[in-house]
Amino acid sequence: MDSVPVNGVLRSRLIETTIMALEYDGGVVIGADSRTTTGAYIANRVTDKLTPIHDRIFCCRSGSAADTQAIADVVTYQLGFHSIELDEPPLVETAANLFRASCYRYREELTAGILVAGWDRRKGGQVYCVPIGGMLVRQPVSVGGSGSSYIYGFMDSNYKPNMTKDQCLELTAAAVSLAMERDGSSGGVVRLASISKDGVERRVILGNQLPKYSTH
Amino acid sequence: MLQETGTEWLSQEVKTGTTIIAVEFDGGVVLGSDSRVSAGASVVNRVMNKLSPLHDKIYCALSGSAADAQTIAEVVHYQLDVHSIEIDEDPQVRSAATLVRNISYKYKEELSAHLIVAGWDRRDGGQVFATLSGLLTRQPFAVGGSGSSYVYGFVDAEFRRGMSKEECQQFVVNTLSLAINRDGSSGGVAYIVSIDEHGTEEKVVLGNDLPTFFDQ
């Protein structure tokens, strides 16, 4: 893990975070907060945790910033090469398996929780979860990062299969905002992206535009 | 678990790793809890009622170490009895909460229990108090226990002031069900207690009657 001196003490840069990905009929929606911390200092308050791996495949990164950036770079290279060999766009499942291969082989050295989401012609929108340890599982909706604990209940009660893209975007924005309010390691702005056969649409929701849930 | 002899649980601390919630409505309160008591990986009691009466119209919800929580509740029950005889009327909810807080704060290094105190009195109607780590704060609703982390997002999004008693009961049951689904230390049945000026009503919702969600 990369360590930076903060007030004379070495701290590692972490993306303790809130990330989320959901499938809808025709694509996926992904979302994340934007905070990177080094101890109690927010090293980057506008981080982009939604990283493109290929034209229609993204990953959401949580855990160690260095580890996840390195893995994402490796997988981007491997997938790009594979796609040239195949002479067609790669499958989301392939990208997910490449992540899993790295995360499992080096599981003792890495701290990386990754959500792989994208669209391909064979199976449409797919979300794959590769948590710490290097498991791989496909789920219709998945949350990750330190803030995810707080929104499991919200997700379970509000997600329904076969939602529209706009409903998914609203749900993701609401869930990430709720997590940001409760988790000290999540905050900043909400970054959203939707991926379908027509391409990728990215959006940012600034702090003052977030839905408000304060009860006092 | 090749080496397990089945007796590890005898030496592990008994915890009510749990989910507890109390909600205020206009005219009273609703308290809810799950019913699981665990010692390590074993469930030593699957039907424990964690809603303990402190007085006719004041209840507390127990979480954390089972022994610590029960003892605090019993001591405060006795102290409130004496106090209500001395003042010759029903005690205030704030008095009960203060008594719990006094014990929690004085012995905070030795105890590891969190009690939520809720009830109805003539002066201020329905009230909910949190006493975590020895603080005392009145809140419109409070959640606690290991399962509460998973439902912070849900309760933040769904709670509204001015709900009726039935809406509060439904809100409590939904919250408990979501938490039980995600938290390994919560489970069993849901106990609900509703307190208003007319009296106290205790109810049990069995496991198969709990609300289900999209993945069940």
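Given the structure is predicted, the values throughout are model-derived calculations rather than measurements.

Participant: Explain the overall build of chain A to me, and be specific about the residues and the numbers.
Facilitator: Each helix and strand counted, chain A has four helices and 15 strands in total. A compact globule built from 216 residues should have a C-alpha radius of gyration of about 17 Å, and chain A, at 17 Å, falls within 12% of that. Projected onto the principal axes, the alpha-carbon positions of chain A cover approximately 50 × 40 × 25 Å. Burial analysis of chain A (216 residues in total) assigns 53% to the buried set. Taking the intrachain contacts of chain A between residues at least 6 apart in sequence as the baseline, contacts between residues at least 24 apart amount to 61%.

Participant: Kindly report on the overall build of chain B, identifying the contributing residues and their values.
Facilitator: Scanning chain B for helices and strands turns up four helices and 13 strands. Over its C-alpha trace chain B gives a radius of gyration of 17 Å, about what one expects of a compact globule, namely 17 Å for 216 residues. If you line up chain B on its principal axes, its C-alpha atoms span 60 × 40 × 25 Å. Put simply, chain B has 216 residues, and 49% of those count as buried. If you take every contact in chain B between residues at least 6 apart in sequence, the share linking residues at least 24 apart comes to 66%. Total accessible area on chain B is roughly 10200 Å²; 47% of this is exposed by carbon and sulfur atoms.

Participant: Give me the lowdown on the interface of chain A and chain B, citing residues and values where you can.
Facilitator: Much of the literature gives interface size as the accessible area that the parts lose upon coming together. Across the contact, 18 residues belong to chain A and 19 residues belong to chain B. Buried surface at the junction of chain A and chain B, both sides included, amounts to about 1700 Å², of which 63% is carbon and sulfur. In this structure, the connection of chain A to chain B is made through two salt bridges. Across the pair R182 of chain B and D156 of chain A runs a salt bridge, and its minimum N-O distance is 3.0 Å. Our enumeration of links across chain A and chain B arrives at five residue pairs in polar contact (both at pLDDT 80 or more). No other element matches helix α3 (residues 152-158) of chain A, which puts seven residues into the side of chain A that touches chain B. Residue classes in the side of chain A that touches chain B are distributed as 10 nonpolar, six polar and two charged.

Participant: Break down helix α1 (residues 66-87) of chain B for me, citing the residues and quoting the values.
Facilitator: Residues and elements named next belong to chain B. Here α1 contains 22 residues, and its C-alpha end-to-end distance of 31 Å stays within 8% of the 32 Å for a straight helix at 1.5 Å per residue. Regarding α1, the residues found buried are A66, D68, A69, I72, A73, V76, L80 and S84. Along the axis of α1, the buried positions cluster into a sector of 150°, meaning they face one direction only. Exposed and oriented more than 90 degrees from the buried face of α1 are E74, Y78, I85 and E86. At the C-terminal side of α1, D88 shows a positive phi close to 60°.

Participant: Give a detailed account of the UniProt feature "active site" (unreviewed entry) in chain B, specifying residues and quantitative values.
Facilitator: Per the UniProt record, the feature "active site" (unreviewed entry) sits at T18 of chain B. There is a polar contact of 2.9 Å between the side chain of T18 of chain B and the side chain of K50 of chain B.

Participant: Tell me what's going on with the UniProt feature "active site" (unreviewed entry) in chain A, and back it up with residues and numbers.
Facilitator: Residue and element names in this part refer to chain A. According to UniProt, the "active site" (unreviewed entry) feature falls on T17. Inspection of the secondary structure assignment puts T17 in the loop between β3 (14-15) and β4 (19-24). Taking the relative accessible area as the measure of exposure, T17 reaches 0% and is therefore buried. Beyond its immediate stretch of four places on either side in the chain, T17 contacts D33, K49, R61, S62, G144, G145, S146, G147, S148, D183, S185 and S186. Of note is the side chain of T17, whose polar atom sits 2.3 Å from the side chain of D33.

Participant: Can you tell me about the packing of aromatic side chains, naming the residues and giving the values?
Facilitator: For the structure on display, the rule yields eight aromatic pairs over all chains. Considering the side-chain rings of Y159 of chain A and F214 of chain B, the 4.7 Å spacing of their centres and the 70° angle between planes classify their relative orientation as edge-to-face. On the criterion of chain membership, the pair formed by Y159 of chain A in the loop between α3 and α4 (165-182) and F214 of chain B in the segment after β13 (199-205) is interchain, its members lying in two chains. Judged by its relative accessible area of 5%, Y159 of chain A is buried. Judged by centre distance (6.2 Å) and plane angle (15°), the ring pair of F154 of chain B and F171 of chain B falls under stacked. On the criterion of sequence distance, the pair formed by F154 of chain B in helix α3 (residues 152-158) and F171 of chain B in helix α4 (residues 165-182) is long-range, its members being 17 residues apart. The same class applies to F154 of chain B and to F171 of chain B, which are both buried. Feature note: the residues F141, F154, F159 and F171 of chain B constitute an aromatic cluster, connected by ring pairs.

Participant: An account of the sheet that holds strand β2 (residues 20-25) of chain B is needed here, citing residue identities and associated values.
Facilitator: Backbone-to-backbone hydrogen bonds join strands into a sheet, with any given pair of strands oriented parallel or antiparallel. Residue and element names in this part refer to chain B. Reading across from one edge, β11-β2-β3-β12-β13 is the order of the five strands in this open sheet, with antiparallel pairing throughout. Each edge of the open sheet carries a strand with a single partner, namely β11 (141-144) and β13. For this sheet, the mean inter-axis angle between neighbouring strands, taken without regard to orientation, is 10°. Two elements, strand β12 (residues 190-196) and β13, share seven bridges in a ladder whose sense is antiparallel. Of the residues in β13, the one forming a bridge with S194 is E201. Each of β2, β3 (28-33), β12 and β13 touches α4; the most contacted strand, β2, lies at about 160° to it.

Participant: Account for the sheet that holds strand β13 (residues 141-144) of chain A, naming residues and giving values.
Facilitator: Residue and element names in this part refer to chain A. One open sheet holds the five strands; their spatial order is β13-β4-β5-β14-β15, and the pairing between them is antiparallel. Either end of the sheet is taken by a strand with one partner, and the two such strands are β13 and β15 (199-205). This sheet shows a mean twist of 10° between the axes of neighbouring strands, independent of strand direction. The sheet contact formed by β4 and β13 spans four bridges and is antiparallel. By the bridge assignment for β13, A21 is matched with S142.

Parameters at a glance
Residues numbered from 1 in each chain as written. Chains lettered and ligands numbered in written order. Predicted model: local features only at pLDDT ≥ 70, side-chain atom pairs only at ≥ 80, totals over all residues. Heavy atoms only, no water. Helix = DSSP H or I, 4+ residues; strand = E, 2+ residues; numbered from the N terminus. Rg over C-alpha atoms; globule rule 2.2 N^0.38 Å. Buried < 20%, exposed > 50% of the residue type's maximum accessible area, 1.4 Å probe, protein only. Contact = heavy atoms within 4.5 Å. Areas by Shrake-Rupley, 256 points an atom, 1.4 Å probe, with all protein chains shown as cover. Buried area = accessible area lost by both parts, 1.4 Å probe. Salt bridge = Lys/Arg side-chain N within 4 Å of Asp/Glu carboxyl O. Polar contact = N/O pair within 3.5 Å; in protein donor to acceptor, adjacent residues only side chain to side chain. Nonpolar A, V, L, I, M, F, W, Y, C, P; charged D, E, K, R; others polar. Expected span 1.5 Å × (residues − 1). Arc of directions from axis to C-beta. UniProt positions renumbered as here; feature names shortened; annotations may be inferred. Phe/Tyr/Trp six-rings, centres within 6.5 Å; stacked < 30°, edge-to-face > 60°. Pairing = 2+ DSSP bridges. Axes fitted to C-alpha atoms, helices over the stretch in contact; angles between N-to-C directions.

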